[in-house]
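Chains, contacts and geometry: an overview
Listed here are the chains, written in short residue letters.
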Amino acid sequence: MKMKFVKVVVSVIAVLMIPAMVSAQADVQFVQKVSEALDSGNMAKALAMFDSIPAALKDDVGLICLKASLQLSSGNVNEADETAKALLAANPNDIDVLELNVMTAKQKNDKKRKSALIKKLISLDPFNAVANIELGDEQALWKNWRNGRDYYKKALQKEPENIEALFGYGKMCYYREEDDEARGSFEKILSIDPSNPEANAYMGKLYAESKQYPVAKEYVSKAIAADPSNTDYYLDYGVYSRNLGKYQDAENSWKKITELDPDYFIGYAYLAGLYEELEQPDKALEQYRLVVKKNPKYYYAYESLGLLAWHAKSYEESLRAFEQARNQNPESLSYTLMICACYMKLNKVQELRKFTETVMKKQDRKSLDYLLVRMYHDKGGDAPTLLKVQDEKNRTKRGRALFYMALFYELTGKDSLAHKYYNEIAGMDGAMFFEYRLALWASQGK
């Protein structure tokens with residue numbers, strides 16, 4: 001857990017600069033040694049020194065706060081909590097001590113105690129940065145962007161250069177589409193800390209909103225340089241690259257995500273989409289397989305997986321994928337009919353009839369949907385169904401239904417009719433249904 005080390009170290013320096021607070025030369029030397037250990041980044045050494053703290057300094061609030069902070073940063077949460085509670089008992093209204101206890105309560109997930117401590121902090125110091133940042137963070141978790149923004153703003157009234165508060169305020173403004181306020185907050189962070197990865201990443205997002213992708217890439221590149229293990233930054237870098245037509249950059253960036261976190265599905269999902277866009281169906285299929293392996297609940301992938309598996313003639317795999325897709329959207333005629341087609345390809349006659357009988361029970365017998373399912377069930381009845389399809393006024397519904405007519409003709413050996421309707425669908429500009437791609441491939445003999 002990160003504590004406010006700047007404030008803590010200032011407390012140490014204050015002890016060094018006020019001789020009246022130190023009873024002997026040994027006390028001065030102790031504080032100097034602790035300060036030197038901190039300056040060198042050796043927190044473990046600094047913490048170990050407290051085992052031999054001079055008696056005159058055992059009750060020094062600043063030093064004991066430092067000890068608790070070091071315990072907390074070292075992962076010794078219970079010890080830090082005990083130290084913090086002892087300090088609070090002796091100094092119930094000390095702001096620094098209350099802030100420390102907020103941090104230990106947070107680490108122990110003691111929400112009730114943390115809430116009480118924050119309430120007391122606010123009563124003593126309404127614009128206290130630690131308290132208001134915590135309240136802002138809570139509101140952010142609940143996606144209450146306005147309240148979160150207002151708490152961070154209160155923190156900034158007390159500490160206008162507090163980077164946590166600036167970032168929280170900027171992020172809330174970004175989510176509220178208050179872009180000028182967000183940009184101002186992130187720019188202020190970068191004026192204090194030019195390499196701050198989070199601020200650079202959000203500046204990239206802001207420029208991407210206005211389609212200024214080259215600038216967005218520059219900012220997120222700085223974020224990656226500062227924090228090269230953060231997968232979110234590579235995700236954004238890939239998106240900006242893709243929007244610029246820099247497909248190799250996008251591919252490399254999303255591959256980096258899979259290297260950094262092989263079990264995180266999102267990198268594979270973006271790669272799959274990229275390969276689809278580049279008309280590389282075999283590569284896309286490989287990535288979608290990884291997506292659902294890493295995250296079986298990511299149902300958005302199953303439609304594409306089913307489509308690409310069908311194209312690869314992996315019909316059992318296509319069947320399983322469309323079944324998963326239909327589980328999430330049982331009213332989908334597309335998924336229902338693709339399942340029918342898979343059963344026919346696999347010659348699973350009984351499974352097909354059992355499935356279609358269940359579907360048809362819930363359908364309006366006068367509807368086009370019913371006629372299409374019934375056609376696959378009976379392996380006939382295509383003539384009246386085709387007439388109903390040709391009467392359909394909605395362009396998308398007609399195109400989709402026509403695809404399942406073409407597919408039915410292909411499955412029943414009527415190749416000339418199948419090609420006729422595949423070609424008709426392939427000629428539809430701007431078609432907005434996934435079956436269009438299958439029709440296009442079929443018309444091209446792929």
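Everything numeric here is computed off the predicted structure, so don't read it as measured data.

Here's the deal with the overall build of the chain
Regarding its fold elements, the chain presents 26 helices and zero strands. For 446 residues, the compact-globule formula gives about 22 Å, and the C-alpha radius of gyration of the chain, at 32 Å, lies well above that figure. A total of 446 residues make up the chain; the buried ones form 47% of that total. In the chain, 47% of the contacts between residues at least 6 apart in sequence involve partners at least 24 apart.

Focus: the nonpolar core
Side chains that are nonpolar tend, in soluble globular proteins, to be buried together. By size, the foremost hydrophobic cluster in this structure holds 107 residues, and its most contacted members are Phe186, Met338, Leu372, Tyr376, Phe403, Tyr404 and Leu407. Per element, the largest residue contribution to this core is 10 residues, and it comes from helix H20 (residues 333-345). The contacts of tyrosine 376, once residues within four sequence positions are left out, are Leu337, Cys340, Ala341, Met344, Leu352, Tyr404, Leu407, Phe408 and Leu411. In terms of nonpolar packing, the next biggest core, distinct from the first, is built from 35 residues, Cys65, Leu72, Val97 and Met103 among them.

A few points about the confidence of the model for the chain
For the chain, mean pLDDT is 92; residues scoring 70 or higher make up 94% of the total. Predicted confidence for residues 1-23 stays below pLDDT 50, and this span has 39 contacts to residues more than four positions away or in other chains.

Points about the pattern of salt bridges
Throughout the structure, instances matching the rule amount to 22 salt bridges. Here lysine 158 ties to aspartate 125 by a salt bridge, and the two come within 2.5 Å at their closest N and O atoms. With a gap of 33 residues between them, lysine 158 in helix H9 (residues 145-158) and aspartate 125 in the loop between helix H7 (111-124) and helix H8 (129-141) connect regions that are remote in the sequence. By relative accessible area, lysine 158 is classed as partly exposed at 43%.

Digging into the packing of aromatic side chains
Under the criterion given, the structure shown has 24 aromatic pairs. Relative to tyrosine 298, the ring of phenylalanine 265 has its centre 4.6 Å away and its plane inclined at 45 degrees; by these criteria the two rings are tilted. One end of the pair, phenylalanine 265, is in helix H16 (residues 265-277); the other, tyrosine 298, is in the loop between helix H17 (281-294) and helix H18 (300-311), with 33 residues separating them in the sequence. For phenylalanine 265, a relative accessible area of 16% gives the class buried. Overall, the relative accessible area of 23% leaves tyrosine 298 in the partly exposed class. Taken together, Trp145, Phe167, Tyr174, Tyr175, Phe186 and Tyr202 form an aromatic cluster joined through their ring pairs.

Quick look at the environment of glutamine 328
For glutamine 328, the position within the fold is in helix H19 (residues 315-328). The partly exposed category is assigned to glutamine 328, whose relative accessible area is 48%.

Considering the state of the cysteines
The tally for this structure, following the rule as stated, stands at zero disulfides. Cysteine 342 takes part in no disulfide bond, and the closest cysteine sulfur, belonging to cysteine 340, lies 9.3 Å away. Classification of cysteine 342 as buried rests on a relative accessible area of 0%.

Here we look at unusual backbone geometry
Of note, lysine 143 is a non-glycine position whose phi angle comes to about 60 degrees, a positive value. Take lysine 143: it is sitting in the loop between H8 and H9. Overall, lysine 143 belongs to the exposed group, its relative accessible area being 60%. The phi dihedral of lysine 211 is positive, around 65 degrees, even though this residue is not glycine. Its location among the elements puts lysine 211 in the loop between helix H12 (197-209) and helix H13 (213-226).

Here we look at the packing of H12 against H13
Between H12 and H13, the shortest axis-to-axis distance is 8 Å and the interhelical angle comes to 165 degrees. Taken together, the axes of H12 and H13 are roughly antiparallel relative to one another. Where H12 crosses over H13, the handedness of that crossing is left-handed. Here Pro197, Asn200, Ala201, Met203, Gly204, Tyr207 and Ala208 of H12 lie close against H13, whose contacting residues are Tyr213, Val215, Ala216, Tyr219, Val220, Lys222, Ala223 and Ala226.

Here is what the cut-offs are and how they apply
Residues numbered from 1 in each chain as written. Predicted model: local features only at pLDDT ≥ 70, side-chain atom pairs only at ≥ 80, totals over all residues. Heavy atoms only, no water. Helix = DSSP H or I, 4+ residues; strand = E, 2+ residues; numbered from the N terminus. Rg over C-alpha atoms; globule rule 2.2 N^0.38 Å. Buried < 20%, exposed > 50% of the residue type's maximum accessible area, 1.4 Å probe, protein only. Contact = heavy atoms within 4.5 Å. Core = buried A, V, L, I, M, F, W, Y, C linked by side-chain atoms within 4.5 Å. pLDDT = per-residue confidence, 0-100. Salt bridge = Lys/Arg side-chain N within 4 Å of Asp/Glu carboxyl O. Phe/Tyr/Trp six-rings, centres within 6.5 Å; stacked < 30°, edge-to-face > 60°. Disulfide = S-S within 2.5 Å. Axes fitted to C-alpha atoms, helices over the stretch in contact; angles between N-to-C directions. Parallel < 35°, antiparallel > 145°, perpendicular 65-115°, else oblique. Left-handed = near helix turned anticlockwise from the far one by under 90°.

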